[in-house]
Amino acid sequence: MTTTAPNRLHPADLARTAVVGLRTRRMRAALSALGIAIGVAAMVAVMGLSASSQAGLLAEIDKLGTNLLTVSPGQVLGGGDARLPLDAPGMIARIGPVETVQHTGKTKANAFRSPYIPSINTNALTVDAVSLDLPAAVRATLAQGTYLNAATAEQPVAVLGSAAATRLGIARIHSGMRIWVGGQWFYVAGILNPATLTPEIDSSVLVGYPAARKYLHFDGHPSTIYVRAQTDQVQDVQKVLAATANPENANEVSVSQPSAALVARAAVQSALNGLFLGLGAVALLVGGIGVANTMVISVLERRSEIGLRRSLGATKGHIRLQFLAEATLLAAIGGAVGVAMGTIATAIYANVKGWATVVPPLAWAGGLGAAIAIGAIAGLLPALRAARMQPTEALRAA
């Protein structure tokens, strides 16, 4: 007497069986896949937008240069504010690898749109004396008008930072436009675009050093010195800046690299993405529960099919694989749709912001892999339940 072992279910037959099970319940399958798709799309979009944002920020930093250093006064031993020496810019300019030295000096004057505005409403604006090549050093450009030159630097003429112009209510400049600075009128020559590396300039009203001394009683001490050094020598220059700017009290000098702060901001932004990935994971989990619910109902509705297949020779393993394959295929479809949705959303937003569209391969693989894993887990219990049904019980219940 010979016995025949049950045939294995061929992968192609398994795929056809799984597809038929989903096609007969299209609306329910679509809604279940939608939950998976939303979760995966959220995860892909978060990772893609983060990568695109960082790529855009780093590209902007590269364009602006990483070789800018700033020197500013720190604190004296007693806790008060220190001051940089008058000749600090000149001493720094003698450092070999230094290419450009420009500086600003904070005055005690306030700026207003007109003399009728209460003096308490300063709008957090500062009035700074500036050197003539400052925009080139910090890579700031003019939005309107002209910058200071050797002639206007000696006259009551000002250039506004982008935020300063907004707070003063000046959208466009015209011939003869004036603002009230330090108790007298100053003509407005130009408005700067936002300075990415040096945001303190955005909220400043900029005047020439000679004009600041003549009209605003400025003592001439620089408050911030902007130094461009050879890119491969930035770290070496940074080490000697404090001692060069103030040889007698180097500990009262603060030196920083603005581009490093922007890179750190990108890292912080990346760390915050964990929160949004967690929200995407919750949506994915909810989608997995929807898949499990769909498969449980499917098992109950298809008891006659299960009984018939068992009567025709299908084993428990065949039934188990069938329902497990259906759940996995359903989740995989949702995952693929979610990856596409997340990628499209990233591309649209990055295009609006002017960034390069960057979606890490890990986002695609991780999103699709997570969807398939959720589907397999969600379909496991219904598959085991279907496999435990006896042919006679399934047919009788049907």
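In what follows, the structure referred to is the one given above.
About the thresholds
- Residues numbered from 1 in each chain as written.
- Predicted model: local features only at pLDDT ≥ 70, side-chain atom pairs only at ≥ 80, totals over all residues.
- Heavy atoms only, no water.
- Axes fitted to C-alpha atoms, helices over the stretch in contact; angles between N-to-C directions.
- Helix = DSSP H or I, 4+ residues; strand = E, 2+ residues; numbered from the N terminus.
- Parallel < 35°, antiparallel > 145°, perpendicular 65-115°, else oblique.
- Left-handed = near helix turned anticlockwise from the far one by under 90°.
- Contact = heavy atoms within 4.5 Å.
- Nonpolar A, V, L, I, M, F, W, Y, C, P; charged D, E, K, R; others polar.
- Buried < 20%, exposed > 50% of the residue type's maximum accessible area, 1.4 Å probe, protein only.
- Polar contact = N/O pair within 3.5 Å; in protein donor to acceptor, adjacent residues only side chain to side chain.
- Core = buried A, V, L, I, M, F, W, Y, C linked by side-chain atoms within 4.5 Å.
- Patch = residues over 30% accessible without salt bridge, like charges linked within 9 Å, V, L, I, M, F, W, Y side chains within 5 Å.
- Areas by Shrake-Rupley, 256 points an atom, 1.4 Å probe, with all protein chains shown as cover.
- Salt bridge = Lys/Arg side-chain N within 4 Å of Asp/Glu carboxyl O.
- Lys, Arg positive; Asp, Glu negative; His and termini not counted.
- Charge placed at Lys NZ, Arg CZ, Asp CG, Glu CD.
- Pairing = 2+ DSSP bridges.
- Expected span 1.5 Å × (residues − 1).
- Arc of directions from axis to C-beta.
- Phe/Tyr/Trp six-rings, centres within 6.5 Å; stacked < 30°, edge-to-face > 60°.

## Points about the packing of helix α9 (residues 303-311) against helix α10 (residues 316-353)
Right, on to step 1. One can describe the packing of α9 onto α10 by two numbers: an axis separation of 10 Å at closest approach and a directional angle of 140 degrees. For the element pair α9 / α10, the angle class is oblique. Note that α9 runs across α10; the crossing there is right-handed. Across the interface between the two elements, Glu305, Ile306, Arg309 and Arg310 from α9 touch Lys316, His318, Ile319, Gln322 and Phe323 from α10.
Right, on to step 2. Taken together, the residues that form the contact of α9 with α10 break down as three nonpolar, two polar and four charged.

## Brief notes about the side chain of Asn67
Right, on to step 1. On the secondary structure map, Asn67 appears in the loop between α2 (26-64) and β1 (68-73).
Right, on to step 2. Using a relative accessible area of 7% as the deciding quantity, one classes Asn67 as buried.
Right, on to step 3. Polar side-chain contacts of Asn67 include one of 2.6 Å to the side chain of Arg228.

## Topic: the nonpolar core
Right, on to step 1. Residues Ile36, Val40, Val291, Ile306 and Phe323 are the most contacted members of the largest nonpolar core, which totals 26 residues.
Right, on to step 2. Those elements that provide at least two residues to this core are α2, α8 (258-301), α10 and α11 (361-388).
Right, on to step 3. Those residues in contact with Val291 that lie beyond four places of it in its chain are Ser32, Ile36, Ala327, Leu330 and Ala378.
Right, on to step 4. Listed in part, the 25 residues of the second largest apolar core include Val127, Ala164, Val207 and Leu216.

## Some words on a positive patch on the surface
Right, on to step 1. Positive charge collects at one region of the surface, where Lys316, Arg320, Arg385 and Arg388 lie side by side.
Right, on to step 2. Secondary-structure elements contributing two or more residues to the positive patch are α10 and α11.
Right, on to step 3. Assignment of secondary structure puts Arg385 in helix α11.

## Describing a nonpolar patch on the surface
Right, on to step 1. A surface patch of nonpolar side chains, amounting to about 420 Å² of accessible area, comprises Met27, Leu31, Leu34 and Ile38.
Right, on to step 2. Within the fold, Ile38 resides in helix α2.
Right, on to step 3. In this structure Ile38 comes out as partly exposed when scored by relative accessible area, which is 45%.

## Considerations on the pairing of strand β4 (residues 126-130)
Right, on to step 1. Summarising burial for β4: four of the five residues are buried, a large majority.
Right, on to step 2. Relative to β4, strand β2 (residues 98-106) runs antiparallel, the two being bridged by three bridges. Looking across to β4, one finds that Thr104 is bridged to Val130.
Right, on to step 3. Examined bridge by bridge, β4 and strand β9 (residues 204-208) share five bridges and lie parallel to one another. Residue pairing across strands places Val130 opposite Gly208, the latter belonging to β9.

## As for α10
Given 3.6 residues to a turn, an α-helix orients residues that are three or four positions apart in the same direction.
Right, on to step 1. A rise of 1.5 Å per residue sets the reference length of α10, with its 38 residues, at 56 Å; its end C-alpha atoms lie 55 Å apart and thus fit the reference within 8%.
Right, on to step 2. Within two residues after α10, Gly354 carries a phi angle of roughly 80 degrees, on the positive side.

## Looking at helix α7 (residues 234-245)
Right, on to step 1. Over its twelve residues, α7 runs 16 Å from end to end, which matches the ideal 16 Å to within 8%, given 1.5 Å per residue.
Right, on to step 2. Listed in full, the buried residues belonging to α7 are Val234, Val237, Leu241, Ala242 and Ala245. Mapping the buried residues of α7 onto a view down its axis gives an arc of 135 degrees, with all of them on the same face.
Right, on to step 3. Taken together, the buried residues of α7 touch β1, α3 (88-93), β2, β10 (224-229) and β11 (253-256).

## Considering the packing of aromatic side chains
Right, on to step 1. The final tally for this structure, using the stated rule, is three aromatic pairs.
Right, on to step 2. Plain terms: the ring middles of Trp180 and Trp185 are 5.1 Å apart, the flat faces sit at 80 degrees to each other, and that makes the pair edge-to-face.
Right, on to step 3. Residue Trp185 is classed as partly exposed on the basis of its relative accessible area of 30%.
Right, on to step 4. Arranged with centres 6.1 Å apart and planes meeting at 80 degrees, the rings of Phe186 and Tyr215 form a pair that is edge-to-face. With a gap of 29 residues between them, Phe186 in strand β8 (residues 184-192) and Tyr215 in helix α6 (residues 209-215) connect regions that are remote in the sequence.

## So, the environment of Gly39
Right, on to step 1. Within the secondary structure, Gly39 sits in helix α2.
Right, on to step 2. By relative accessible area, which is 0% here, Gly39 ends up buried.
Right, on to step 3. In the structure, Gly39 is positioned 243 residues away from Val282 in sequence and 7.3 Å away in space, judged by C-alpha atoms.

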